[in-house]
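Survey of secondary and tertiary structure
Single-letter residue listing:
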Amino acid sequence: MIRDLFLLLFTATFLRAADGKVFPFPYTQEDLPNGLRLVTISTDFPNIVSVYIVVQTGSRNEVELGKTGFAHLFEHMMFRGTEKYPPEKYNEILSRAGAASNASTSNDLTVYHTTFSKEDLPTILAMEADRFENLQYSLEAFKTETGAVLGEFNKNSANPGSKLGEVVQDTAFDRHTYKHTTMGFLKDVQDMPNQFDYSLKFFDRYYRPEYTTIIVTGDVDPKQVLTLVDKSWGGWKPGSYHADIPAEPKQQGPRESHVDWPSPTLPILAVAFKGPAYSDTRKDTVALDVLSTLAFGPNSDLYQKLVVREQKLDTLGTRSPISVDPDLFEIRARIKRPEDMQYVREEILKTVELFQTELVPVDKLEAVKSRQRYSFVMSLDNSEAIASTVSRYVALRRTPDTIDKLYALYGQLTPEDIRAAARQYLVESGRTIVSLTGASK
Amino acid sequence: MIGIRNFAALLVATLIGVPAYSQIRTVTLPSKSPIVTIRLVFTTGSFVDPDDKPGVANLTAAMLAQGGTRDLTYRQVTEAMFPIASTVDREVDNEMTTFSGSTHIDNLEAFYKLFRSMLLEPGWREDDFKRLKDNTINNIRVGLRGNNDEELGKEVLYSQLYRGTAYGHYSAGAISYIEKITTDDLKRFYQRHYTQSNLIVGIAGGYPPEFLDRMRKDFTVLAARDNDPAPAIKPPSIDHTRALIVEKNTRSVAYSFGFPIDVKRGDPDYPALLLMQSYFGPHRMGTGRLFQRIREVRGINYGDYAYIEYFPRGGNLMEPPPNVARRSQIFQIWIRPAEPPQAAFALRLAVYELDTLVKDGISQADFDRTKEFLTKYVNVLTKTKRAELGYAIDSLYYGIPDYNSYIKNAVAKVTREQVNATIRKHLRADRLQIVAVSANAEGLKKQLTGSGPSFIQYNSFKPADVLAEDKIVERFDIGLHPDDIEITAVDKVFQ
C-alpha cells in the first residue's frame, strides 16, 4: 500500500515536468528557537534511516592566514568524544546500532552522516546532539588527530590530480578563501599540532545551531523526529560569529602556471574560468552546467573528436561551479602524449569560442534537459542517497526548496542563455590555465 | 522477495531436455520502483585468460560496454543513452564479469535494446579496440602504478600470493602482454566463455512481468554448451614471512599483507571469520581494533583495516562491491600510508596486533558488541536495490540463501569460543606475504629486518600503557630477514 503510494508520488511528480518539480518526496522543515533547522523526509525504503548533519562551514570559512585545513580537521576532531560519550562509548553505541558513520568536508560545508536501523534513531540523535554541543578533547588527542590528518594528506598526495587542483585554485584566486583546497596547504597541515587554541576558537565560532541543519530521511515519522530533535538539540546555545570572507577582486587578465610532477605520469591540462556563485533565481548556474555537458561531456563533439576518434586524450571532464561564492568552471584533460599539449589547449579554447558565437541546436539542449532530470531522479534510489543529495543543496540555501527552483530553471533554458553564460564567464580575462607533466622516468 | 527461479532447472536441464535457455539462471527482485536495474553476470573472468595473453577477459568486456555494436558506432550508442541518463558499466574480476545499468521505467525499452545489442551484437571495430587498449595500459601505468599506491600494494599482494595459478595475474592484465592482444583474441574469448551456462540475469524494480522471459529468450543466441571444468585454485604455501617493496618516488609508505585462507562465503567458518573482521578491521570504520590502535591512539596514519574477501577500490568505496566472488580468498591487512620515520613501526604494530588477536582472541564484551553490529549492519550493506541484486547473484553463485538471512541466522548461533577457535584455525602472524610501496626501499628494508628496533616518536604526551606497549612493538620481530625482502621498481610491476 505504501509502496503504491510512493510509486504514484514518484511517477506523478516526475511526469509533471512542466512545473519544474523534480524532487519527488514530501518533506517537513522546522526551525528551532535556537536557530537549528530540521528537514525530515519520509521515504518508503524500509528499516533504514539516514541522519545527515550539515554544518555550513568548509574551507571557505578559513579566513586567517596559515590556518587552512581547519574545517576538515574538525571533521576528524568531532569523533574525539565528550564527557558523557567518550570515544569508546560513542563507538560502542555506533557499533551496536550496526551503523555506517562517516563525515566529509568541502569548500562550503562539513557533513556528518550515519545510516542505521530505524529503532536506534532516538539513541543516535541524542548522542549526536551531545557531541555538537559538548565536544571535548585534550591537547594530546588533538595532536594525535593531526597525525591522522597528515596521513590523509599523504594518501592523497600520491595523485597528481590533487596537486593540480591545489595549484589551479592558488593561481586563480587572490583574496577569496577558495584560493586553498579543503585539505589545506601542506605547511599548514604540518603546523596543525601547534594550533590547539585556535582549534577551540574555530569550534566555538562555527559549531552553532544557526550554522547547522539536520536532515533525517527514511522509515520515520516526522512528528516523532521533531520531538526527538527538540528534546536533545533544543538546549544548544546559538553563537554570534560571522566570518568576514574576503571578496575576490575581478580578475584582470589570463593566468598560467605549471606543475612538474616528480614521477612518471600522463600530462594533464586544466583550463579554468571564474564562474558565478550558486543561484536558483538567475540562470547562470544551470546554463554553465548544461554548457559543460554540451561542450565537453562524453556526447560532445570535442570529446568524440579528442577521446574517441583522434584518441589524443584518455579522459576529458569538467567541474561546473555550485558554490556559495563565485567559483571556478574547470575543464580538465589527461593527454596521452606530451607533444599534444598545445593542440589540446587550442581545441578546448576553440570550443569555448564556438559556444560564445554559435547557438546550440534546440534538440541537443532538450536532450541534456532530459538527461539532467532522469539522472537526478534515478540518483534518489535509497534513503542515504536522498539525504546526501539534499545535504549538498542545504549547504547552499538551507532548504530542499532550492532543488525544485533550480530544476525549474533547467526547464526554461534556451540556446541564448547558454551563449550568454559563455560570453559572460568563459572569457580570457578570467581564465587560468595550469599544465602538469611527469618525469620521463 | 528474491526469486532464484531455475537454479534447480539448471541441474536437470541436460537430463530432460528442457528448452536451451533454461541454462540461463535468473535472479529477480520485482518491486514497484520506477527505476529498473539490470545486472548480467557471466561466471567467467580473468582466471580463464589465455596463459600468454593476460588481459583478454578485461578487454573483451570493455569492447562490449564501451565499443560500438554491429549497427551503431560508439558515438551513436552514447548519443542514444544520453537523454535517458543511463550507461552500461562493466567490471571484470577473476571469476565474474558483470554488465550493469539502471534506467527509468519510461526508458526501459530504449535502454534494453541498446544493452542487448551491446552484449549480443558487438561491433569489434579496430579504432574502439585501440582506444580501449590504450586506456587499459594507461590505467595500469598511471591510474594504478603512478597515482594509487594503496590499490597497487593490494593488487601486487594478490599476484604474489597466487603466483603460478590462474589468479596469479592482475585482472586487467600486464602491459607488454596487453600490447600483443588482437581483436581476434577477444572474439575467440567471447565465443568460448560468453555462454548461456555462464550467464546469470539479474533484474530489480518495476519491470513488466513478461520482460524477464523476453530477456532470457534473447540471450539464447549465446552459445549453449557446458563450460570447461574450472581448474582448482591452489595458492602455493608460504613457509616463512617475506616482503616485496615496490620502489617509487612517493611521500609515504603504504602496506598490504596477508595470506590465502581456505574459507569463502557459504563455508562453515565464514560467519565466524566475518565477525572477526567486523571486530578487528571493518572497512573505513573507526570502531575496528586496528584503526583504534594505529590511528586513534597513535595518529600514525589515516586508517587500518582487515579483509577476508576481495575488495577492490577500497579507497573510493564505503561498502564492498558485489559480484567479485572468488573460489579462493585471502586474509589481508591494509595499512594506509604512514610517514617514512613511522613506517617500520606501523608495520610492526599491525603484525603485533594480529599476533595478539590470534593468541588472545576476542573478549566477551567485544564479541557481544560485534555480534549486534553485524546483525544490523547487513541491512546497510544491501540498502540499495543495486546492492541487494548484486548480493543475491553472489548468493546464487556461492549456493547460500539471501545474504541478510544467511548472516543473521549464522551470527545468532555463533559463540565466542567458536569465533576464537576459527581465528586460531585460519589466522596467524607468521608466514606472511608483505607488500610495501615506498621510496628509499633499501632504507625501509634495513628497518624491517630482525627485531629492530623501530622507534617511534610522538608530538604529544602518550599514556604509560601506550608507551609500555611501544617498547614491545619497537622490537617485535615480524620474522623478516634481509634475504626475505625483494625490491622491485614500480615500472616492472604488471609490465
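Criteria and thresholds
Residues numbered from 1 in each chain as written. Chains lettered and ligands numbered in written order. Predicted model: local features only at pLDDT ≥ 70, side-chain atom pairs only at ≥ 80, totals over all residues. Helix = DSSP H or I, 4+ residues; strand = E, 2+ residues; numbered from the N terminus. Rg over C-alpha atoms; globule rule 2.2 N^0.38 Å. Buried ≥ 20, exposed ≤ 12 C-beta atoms within 10 Å, placed from the backbone. Contact = placed C-beta atoms within 7 Å. Pairing = 2+ DSSP bridges. Domains from an automatic or database assignment. Nonpolar A, V, L, I, M, F, W, Y, C, P; charged D, E, K, R; others polar. Expected span 1.5 Å × (residues − 1). Bend = angle between axes of the 7 residues up to and from the residue. Core = buried A, V, L, I, M, F, W, Y, C linked by C-beta atoms within 7 Å.

What follows is about the overall build of chain B. Each helix and strand in chain B was counted, giving 18 helices and twelve strands. Taking 23 Å as the expected radius of gyration for a compact globule of 495 residues, we find that chain B reaches 24 Å, a close match to that expectation. Seen through its C-alpha atoms, chain B measures out along the principal axes to roughly 70 × 50 × 45 Å. Taken over 495 residues, chain B has a buried fraction of 55%. Considering only contacts within chain B whose residues lie at least 6 apart along the sequence, 81% involve residues at least 24 apart.

Here we come to the pairing of strand β10 (residues 328–335) of chain A. All names here are of chain A. Within β10, eight of the eight residues are buried, which leaves it mostly tucked inside the rest of the structure. Where strand β9 (residues 313–319) and β10 come together, six bridges link them in antiparallel fashion. In the sheet register, Thr318 faces β10, and the bridge partner there is Ile331.

What follows is about the domain arrangement of chain A. Accessible area lost upon the coming together of the parts serves often as the stated size of an interface. All names here are of chain A. Partitioning chain A into domains gives domain 1 (25–233) and domain 2 (255–438). Computed over C-alpha atoms only, the centres of domain 1 and domain 2 are separated by 28 Å. Opposite the 35 residues of domain 1 that make contact, domain 2 presents 32 residues. Contributing elements (two or more residues each) for the side of domain 1 that touches domain 2: β1 (27–31), β2 (37–42), β3 (48–55), β5 (110–117), α6 (160–172) and β6 (212–218). Looking at the side of domain 1 that touches domain 2 element by element, the count peaks at eight residues for α6. A class-by-class count of the residues in the side of domain 1 that touches domain 2 yields 18 nonpolar, 13 polar and four charged.

Taken together, the contacts link 59 residues of chain B with 60 residues of chain A. Listed by contribution, the elements that provide at least two residues to the side of chain B that touches chain A are α3 (74–81), β5 (97–104), α5 (126–146), α6 (149–161), α11 (289–296), β10 (329–338) and α13 (364–381) of chain B. With nine residues, α13(B) is the single largest residue contributor to the side of chain B that touches chain A. Counted by class, the side of chain B that touches chain A contains 17 nonpolar, 21 polar and 21 charged residues.

This part covers α5(B). Relative to the 30 Å expected for 21 residues at 1.5 Å per residue, α5(B) spans 28 Å between its end C-alpha atoms, a close match to the ideal helical length. The largest bend along α5(B) measures about 35° and falls at B:Asn139.

Of note, the bond from B:Gly452 into B:Pro453 is cis; its omega dihedral lies within 30 degrees of zero at 0°. Relative to the helices and strands, B:Pro453 is located in the loop between α17 (441–448) and α18 (464–474). Although it is not a glycine, A:Arg398 sits at a positive phi angle of roughly 65°. For A:Arg398, a count of 18 C-beta atoms within 10 Å corresponds to the partly exposed category. A positive phi is found at B:Arg431, a non-glycine position, where the angle reads about 50°.

Residues and elements named next belong to chain B. With domains assigned, chain B is organised as domain 1 (3–221) and domain 2 (242–492). Relative to domain 2, the C-alpha centre of domain 1 lies at a distance of 30 Å. Of the residues lining the interface, 34 residues belong to domain 1; the matching set on domain 2 comes to 36 residues. Secondary structure elements with two or more residues in the side of domain 1 that touches domain 2: β2 (25–30), β3 (35–42), β5, α6 and β6 (199–205). For the side of domain 1 that touches domain 2, the element with the highest residue contribution is α6, accounting for ten residues.

Turning our eyes to something else, we now look at the nonpolar core. Nonpolar side chains tend to gather and get buried jointly when the protein is soluble and globular. All names here are of chain B. Counting residues in hydrophobic clusters, the biggest one holds 266 residues, and the most contacted among them are Ala346, Leu347 and Ala350. With eleven residues, helix α12 (residues 340–360) is the largest single contributor of residues to this core. In this view, Ala350 contacts Leu290, Ile294, Asp304, Ile333 and Ile335; residues no more than four positions away in its chain are not counted.

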